[in-house]
Amino acid sequence: MLAALLLLQAADYANWPVERIATGYGFTEGTAWHAATQTLYFTDIPGNSIHTWTEAGGAKPWQTPSGNANGTLIDKKGRILSCQHGDRRVVEWRERKGERTAVSLADRYEGKRLNSPNDACFGPAKSIYFTDPPYGINPKDSELGYAGVFRIGANGKLRLIDRTMNRPNGIGLSPDQRTLYVSDSEEKLIRAWTLGKDGLPRGESRVFARIEAKAPNYPDGLRVHPADGRVFCTGGGGVHVFAPSGERLGLIPIPENPTNCTFGGKDLRTLFVSAQRSVYRVTIPAR
């Protein structure tokens, strides 16, 4: 039944309403939705800043400097986390007596500095998965010597999940928390791992889907719909949509090359998309 509904809707993706809600930035990324305050957070990497957007107030600066923040996460308690390209770490933003500071959650693995953490997602048992390509540094400055996919456990311990991809980028988890998705920008595909109850991979990754579109056609940020498990991955031409089986469902055209996306709004009926100099919102039609 679910597969039939997904296929019926596939032809409509090109017609989903797209609206630009903010513009004028250097390179937007890191979209994240704060459900309690109905606020969108997004980053401007070269602008070294994090911004917010609300329906009533529009876009406003939230944090400068940001450590050249890229990917952003917000949990149910309202904790805001960032992957910092410039400072080469994953941090949690904390406020005390009117002052905001970035507290490091991960900055080294086996004594070596991370490359430039890119994107992240929450996992089971209060864990966090993140990708660590060398986009924010000169590759020759990599202390690790490889690009990794990592997991921060509830105890704060860092564990390497994968080191086989040269450019791991977007990352997301299925609603049942049993499948981890990572976009491979260099190979132009999305990989998937089956996870055990402990949140660790059971075996090698598999090719979940390939991104085939006009240049630049590399897959970038991705998010998994929390209700039905569809994978929304930004790439050439717009946001590419896949069923949990890996079947391609359609493409949501975006006027600028998209970089990341997240679900938000009431009942998660809006897809927010960062795209180069602007941020867009896409209205998800009711079924």
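By convention here, each chain's residues receive numbers from 1 onward along its written sequence. A pLDDT threshold of at least 70 governs which residues receive local features in this predicted model, and a stricter bar of 80 or more applies before side-chain atom pairs are shown or counted, although totals over entire chains, interfaces and linings include all residues. Here the side-chain values reflect all heavy atoms present in the structure, with hydrogen atoms and water set aside.

Could you give me a rundown of the sheet that holds strand E26 (residues 278-283), with the residues and numbers involved?
Strand order across the open sheet formed by four strands is E1-E26-E25-E24, with antiparallel pairing between neighbours. The strands lining the two open edges of the sheet, one partner per strand, are strand E1 (18-23) and strand E24 (260-264). Sheet twist, expressed as the average angle between the axes of neighbouring strands with direction ignored, equals 25°. At least two bridges found by DSSP between two strands are what make those strands a pair. Helix and strand assignments come from DSSP, with helices taken as H or I runs of at least 4 residues and strands as E runs of at least 2, each series counted from the N terminus. Both E1 and E26 contribute to a ladder of five bridges, which runs antiparallel. Interaxial angle, 0 to 180 degrees, is taken between N-to-C directions of lines fitted to C-alpha atoms, where a helix line uses only the stretch in contact.

So what's going on with the packing of aromatic side chains? Which residues, and what values?
Any pair of Phe, Tyr and Trp rings, taking the six-membered ring for Trp, is counted once the centres come within 6.5 Å. Such a pair is stacked with planes under 30 degrees apart, edge-to-face with planes over 60 apart, and tilted for the rest. Across all of its chains, the model carries 11 aromatic pairs by this definition. Relative to tryptophan 16, the ring of tyrosine 13 lies with its centre 4.7 Å away and its plane at 45°, an arrangement referred to as tilted. Among the residues examined, tryptophan 16 registers a relative accessible area of 4% and is labelled buried. Connected via pairs of aromatic rings, a cluster forms that spans Trp33, Trp53 and Phe272. The ring of tyrosine 135 has arginine 167 lying over it, and the distance from NZ or CZ to the ring centre is 5.7 Å. Here's how the labels work: a residue is buried when its accessible area is under 20% of the maximum for its type, exposed when over 50%, partly exposed in between, all with a 1.4 Å probe on protein chains only. Ring-over charges, as used throughout, are those where CZ of Arg or NZ of Lys falls within 6 Å of the ring centre and within 35 degrees of the ring normal.

That's the geometry; what it means functionally is another story.
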